[in-house]
Amino acid sequence: MYTKRNYSLNDLLRWTRHDIYKFVLVSAIPILLYVLLNWKWLHLPWLPIALVGTAVAFIIGFKNNASYDRLWEARKIWGGIVNTSRSWTLMVNDFVTTEYIKKTVSDDDLWQIKKTLVYRHIAWMTALRHQLRQPRPWEFQMTQKSNQEYSQKFSVPEKKISMEDDLAKHLKEEELKFVLDKSNQATQILSLQSKHLKELKAFGCIDDFRHMQMEKLLVELFDLQGKSERIKNFPYPRQFATLNRFFVWIFILLIPFGIMNEFDKIGQSLLPILTDESSAYTSFGHSVFKFIAKHFVWLSLPFSVVVSWVFHTMERIGESSENPFEGSVNDVPISTIANGIEIDMKEMIGDDANKPEKLKSEYDVQM
């Protein structure tokens, strides 16, 4: 996620510059035909174009609201993962004891049990974020040229290391092999946690009440995982996304036809004033202002580009928030969040020697 306080205008212009080139071309062609070929009939009344623009504005607003809801829900889900992960570590620390064990268990053996439960939870987060980073057919942000340029400035951790290598840091060899043979690795890791809790209950490390409380946390983790998968696997409805883009471009294509005649009228209305010999302008001033008035229609080019840029950029902003786990600049920084949770959990069990370094943002981007 982009962490700088504000996007600068320069950032937006760089991000959308390829689109701006298209707007200049689309706006210039009808003006050239209007001026150079003297096709004065080549214009449309502004009223119907304004009605199209109003409809497009409503559609863009609807899409942006829906896209932001998806982004914000994803962030809340991972906020829930943060809280539940800390609660899990707290329970592992305080609920897993030798209080009900008849056999003698060393402190080191007990700590190894706690470490296994914590590391397996970190493995669950690792598997989940790797699964959420896997591309879907409807995710195309990273295929756009401007986004590809930005992606070269930062790296997505899940694309630098495979899930297998990442999980190997936290799972035992037999568990790793078992998990990798399954289609949903995160689900299987939580299943292993539940089986382990059952064994610990039978061994006497936890009583019935503590076992139930820890199982409740596993159920909550399943719920958070399912919510993440729902957002990942169900896209913003394609009929809305596709039609929205079509409507925006229809409006962009119509804009120059609506405003170039209006600008030409303004220029023509200025000519009689500027040709009045009794005016206070000097002869040089007359020449300059007459030239401006005569070619006033060309001012419709920058105005067309600005209007097109505003509408299209708003549409792109909503588009960039549709899939919050894709791995683009504006997504939920699940790698950074998981890294912070891992550090907290290892510190809570006193495993400071193996905690990772804190992920730093690259070019004001957290991943």
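Shown above is the structure to which this text applies.
What comes next is a walk through the structure. (Residues numbered from 1 in each chain as written. Predicted model: local features only at pLDDT ≥ 70, side-chain atom pairs only at ≥ 80, totals over all residues. Heavy atoms only, no water.)

1. Some points on the overall build of the protein
When helices and strands are counted, the protein shows 14 helices and zero strands. Residues classed as buried in the protein amount to 46% of the 367 residues present. Taking the contacts inside the protein whose residues are at least 6 apart along the sequence as the reference set, 82% of them involve residues at least 24 apart. Surface accessibility of the protein: about 19600 Å² in total, with carbon and sulfur atoms responsible for 61%. (Helix = DSSP H or I, 4+ residues; strand = E, 2+ residues; numbered from the N terminus. Buried < 20%, exposed > 50% of the residue type's maximum accessible area, 1.4 Å probe, protein only. Contact = heavy atoms within 4.5 Å. Areas by Shrake-Rupley, 256 points an atom, 1.4 Å probe, with all protein chains shown as cover.)

2. Quick word on the packing of aromatic side chains
Per the stated rule, a full pass over the model turns up four aromatic pairs. Centroid distance phenylalanine 251 to phenylalanine 311: 4.7 Å. Interplanar angle 55 degrees. Geometry classified as tilted. Highlighted residues: phenylalanine 251 in helix α11 (residues 238-274) and phenylalanine 311 in helix α13 (residues 300-320), separated in sequence by 60 residues. Phenylalanine 251 sits in the buried class, given a relative accessible area of 4%. Sitting over the ring of tyrosine 119, lysine 115 keeps its end group 5.1 Å from the ring centre. (Phe/Tyr/Trp six-rings, centres within 6.5 Å; stacked < 30°, edge-to-face > 60°. Lys NZ or Arg CZ within 6 Å of the ring centre and 35° of its normal.)

3. Thoughts on unusual backbone geometry
Residues other than glycine seldom take positive phi values, yet asparagine 38 does so here, at roughly 60 degrees. As for its position among the elements, asparagine 38 is in the loop between α2 (17-36) and α3 (46-95).

4. Some points on the side chain of glutamine 193
As for its placement among the helices and strands, glutamine 193 is situated in helix α9 (residues 185-203). Residue classification places glutamine 193 among the buried residues on the basis of a relative accessible area of 1%. One polar contact links the side chain of glutamine 193 to the main-chain carbonyl oxygen of leucine 117, over a distance of 3.0 Å. Contacts of glutamine 193, omitting those with residues within four sequence positions, involve Trp88, Leu117, Arg120, His121 and Leu218. (Polar contact = N/O pair within 3.5 Å; in protein donor to acceptor, adjacent residues only side chain to side chain.)

5. Thoughts on the packing of α3 against α13
Contact geometry of α3 with α13 gives a least axis separation of 8 Å together with a crossing angle of 25 degrees. Our classification of the angle between α3 and α13 gives roughly parallel. As for the relative orientation of α3 and α13, their crossing is left-handed in sense. Contacts between α3 and α13 pair Gly53, Val56, Ala57, Ile60, Lys63, Asn64 and Ser67 from the former with Phe311, Met314, Glu315, Gly318 and Glu319 from the latter. Class assignment for the residues of the contact of α3 with α13 results in five nonpolar, four polar and three charged. (Axes fitted to C-alpha atoms, helices over the stretch in contact; angles between N-to-C directions. Parallel < 35°, antiparallel > 145°, perpendicular 65-115°, else oblique. Left-handed = near helix turned anticlockwise from the far one by under 90°. Nonpolar A, V, L, I, M, F, W, Y, C, P; charged D, E, K, R; others polar.)

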